[in-house]
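Secondary and tertiary structure notes
This is what each chain is made of:
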Amino acid sequence: MDVYILSSCRITNDRLIADGKEVLTRNCEKGPAWLNTIYRALGIQYPKFFKMDNLAKVGFLAAEVVMHDTEIARDRENYAVVCLNSASSIDDDRAYQQTIASKELFFPSPAVFVYTLANIVTGEIAIRHNIFGESSFYVYENFSALRLYDSIKDVFNNPDMSAVIGGWVNYDEDCDVLMLRACRLSDPEKMLLSENNINNLYK
Amino acid sequence: MEELILELKKEIIEVLNLDGMTPEEIDENAALFGDGLGLDSIDALELIVLMEKNYGIKLANAAEGRDIFRSVATMAKYVSEHRTK
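A quick note: this is a predicted structure, and the numbers were derived from the prediction, not measured. (Residues numbered from 1 in each chain as written. Chains lettered and ligands numbered in written order. Predicted model: local features only at pLDDT ≥ 70, side-chain atom pairs only at ≥ 80, totals over all residues. Heavy atoms only, no water.)

**Here we look at helix 1 (residues 2–15) of chain B**
To be explicit about the condition: Strands here are runs of E lasting at least two residues and helices are runs of H or I lasting at least four, both read from the DSSP assignment and numbered beginning at the N terminus. Helix span is expected to be 1.5 Å times the residue number reduced by one.
With 14 residues, helix 1 of chain B should cover 20 Å at 1.5 Å per step; its first-to-last C-alpha distance of 20 Å lies within 8% of that length. The first or second residue beyond helix 1 of chain B is N17 of chain B, which carries a positive phi of 50°.

Here you go:
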């Protein structure tokens, strides 16, 4: 069974690349300002974006790019979301820790706390795109194209699954994302999901 | 009271990440939840934290919150009557 990559999005500290083409270069501070710049450049209207932590924001943005102009209303129960990273939710964990760091200023923030789990990003993507299929999040030591390939390919062992939004979504001061939309189809014009092709897109 | 209302509006915009919104755009008499600003339950918890952190007000009774957080004006009235800092 072959799986093909229908679209891809790479987000680093400095660049936004969609389907292999650079569409945005950073000309602001890195980090949150860069993520807000991408949000505005993509013309998205989704106020909840500003309440998300950085990990959810960057996963959300990459999913916006790979889902651009994609209508999945009839297919939403057969779509899966699979993400991997190495930093888990450490960026938000640190932010939350700051709200409980001292006895004098002990004000745990509920809005920060709700993002202290890495898999919240898969939920945000599923909510945004009305995806009802399975979702999973794996934390590994480092990026591996083979592991990403296996994680996406595994989804298609379930014959009901027709497509996957999945990728490497890492945020720990630095932003490191490769999101793919993959589908089970036979189309020689599309890129085959393979370790080699994932590595090329990740470069 | 005018000053406190403006202060609260600025704090709400900041803690609830209401990006791009200005204090002038918040009607102090409009509902904070539901049709007004459209805040959710997590936002409600953040407002409770804001009350304690900035004004020393501890809200122990959840039912009380419904009246206090009806609008910015009701929040300001409660803060002015109960603040300890």
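**Examining unusual backbone geometry**
Definition in use: The cut-offs for exposure are 20% and 50% of the maximum accessible area for each residue type, with area from a 1.4 Å probe on protein chains only; residues under the lower value are buried, those over the upper are exposed, and the others partly exposed.
A positive phi angle, close to 55°, is found at N130 of chain A, a residue other than glycine. For N130 of chain A, a relative accessible area of 42% translates into the label partly exposed. The backbone phi angle of N17 of chain B is positive, close to 50°, even though this residue is not glycine. Inspection of the secondary structure assignment puts N17 of chain B in the loop between helix 1 and helix 2 (41–55). For N17 of chain B, a relative accessible area of 38% corresponds to the partly exposed category.

**Remarks on the confidence of the model for chain B**
Close reading of the predicted structure is inappropriate where its pLDDT is low. All names here are of chain B. Put simply, the test is: Values of pLDDT, which run from 0 to 100, indicate the predictor's confidence residue by residue.
A residue-level look at chain B finds 100% of positions with pLDDT of 70 or above and a mean pLDDT of 91. Element-level pLDDT for chain B is lowest in helix 3 (residues 62–68), with a mean of 86, against a maximum mean of 97 in helix 4 (residues 72–82). Across the assembled chains, the prediction reports ipTM 0.80 with pTM 0.92.

**With respect to the interface of chain B and chain A**
To be explicit about the condition: Contact definition: two residues touch when any of their heavy atoms are within 4.5 Å. Here's the idea: put two parts together, see how much 1.4 Å probe accessible area each one loses, and the total over both is what we call buried area. Criterion for a salt bridge: a side-chain nitrogen of Lys or Arg within 4 Å of a carboxyl oxygen of Asp or Glu. Whenever two N or O atoms come within 3.5 Å, that pair is a polar contact, provided that in protein one can donate a hydrogen and the other can accept it, and provided that, for residues adjacent in sequence, both atoms are side-chain atoms. In this count, Pro and Cys sit with the nonpolar residues alongside Ala, Val, Leu, Ile, Met, Phe, Trp and Tyr, while Asp, Glu, Lys and Arg are called charged and the others, Gly among them, polar.
Between chain B and chain A, the residue contacts involve 11 residues of the former and 10 residues of the latter. Considering only the side of chain B, the residues that lose the most area to chain A are D19, I42 and E46 of chain B, jointly responsible for 43% of the buried surface there. For the pair chain B and chain A, the interface holds 1 salt bridge. Between D43 of chain B and K51 of chain A there is a salt bridge, with the nearest N and O atoms lying 3.1 Å from each other. At the boundary of chain B with chain A, the tally comes to 5 residue pairs in polar contact (both at pLDDT 80 or more). In terms of residue class, the side of chain B that touches chain A is built from 5 nonpolar, 1 polar and 5 charged.

**Quick notes on the nonpolar core**
Residue and element names in this part refer to chain A. Put simply, the rule is: Joining through side-chain atoms within 4.5 Å is the link that ties buried Ala, Val, Leu, Ile, Met, Phe, Trp, Tyr and Cys residues into a set, and such a set is a nonpolar core.
Counting 42 residues, the largest nonpolar core has C9, I11, F49, L61, I165 and M179 as the members making the most contacts within it. Going through the elements one at a time, strand 1 (4–11), strand 2 (15–18), helix 1 (32–41), helix 2 (54–66), strand 4 (79–85), helix 5 (120–129), strand 6 (163–172) and strand 7 (174–183) are the ones with two or more residues in this core. Considering every element that reaches this core, the biggest residue donor is helix 2, with 9 residues.

**A few points about the packing of helix 1 of chain B against helix 4 of chain B**
All names here are of chain B. Quick note on the threshold: Under this scheme, a helix contributes an axis fitted over its contacting stretch, all axes are lines through C-alpha atoms, and angles between N-to-C directions fall in the 0 to 180 degree range. Should an angle lie under 35 degrees it is considered roughly parallel, over 145 roughly antiparallel, and from 65 to 115 roughly perpendicular; all remaining angles are considered oblique. Put simply, a crossing is left-handed when the front helix is turned counterclockwise from the back one by less than a right angle, and right-handed when it is turned clockwise.
The geometry of helix 1 relative to helix 4 is characterised by a closest axis approach of 9 Å and an angle of 115° between their N-to-C directions. Judged by the inter-axis angle, helix 1 sits roughly perpendicular to helix 4. In the packing of helix 1 onto helix 4, the handedness of the crossing is right-handed. The residues of helix 4 that touch helix 1, namely those facing L4, I5, L8, K9 and I12, are V72, M75, A76, V79 and S80. By residue class, the composition of the contact of helix 1 with helix 4 is 8 nonpolar, 1 polar and 1 charged.

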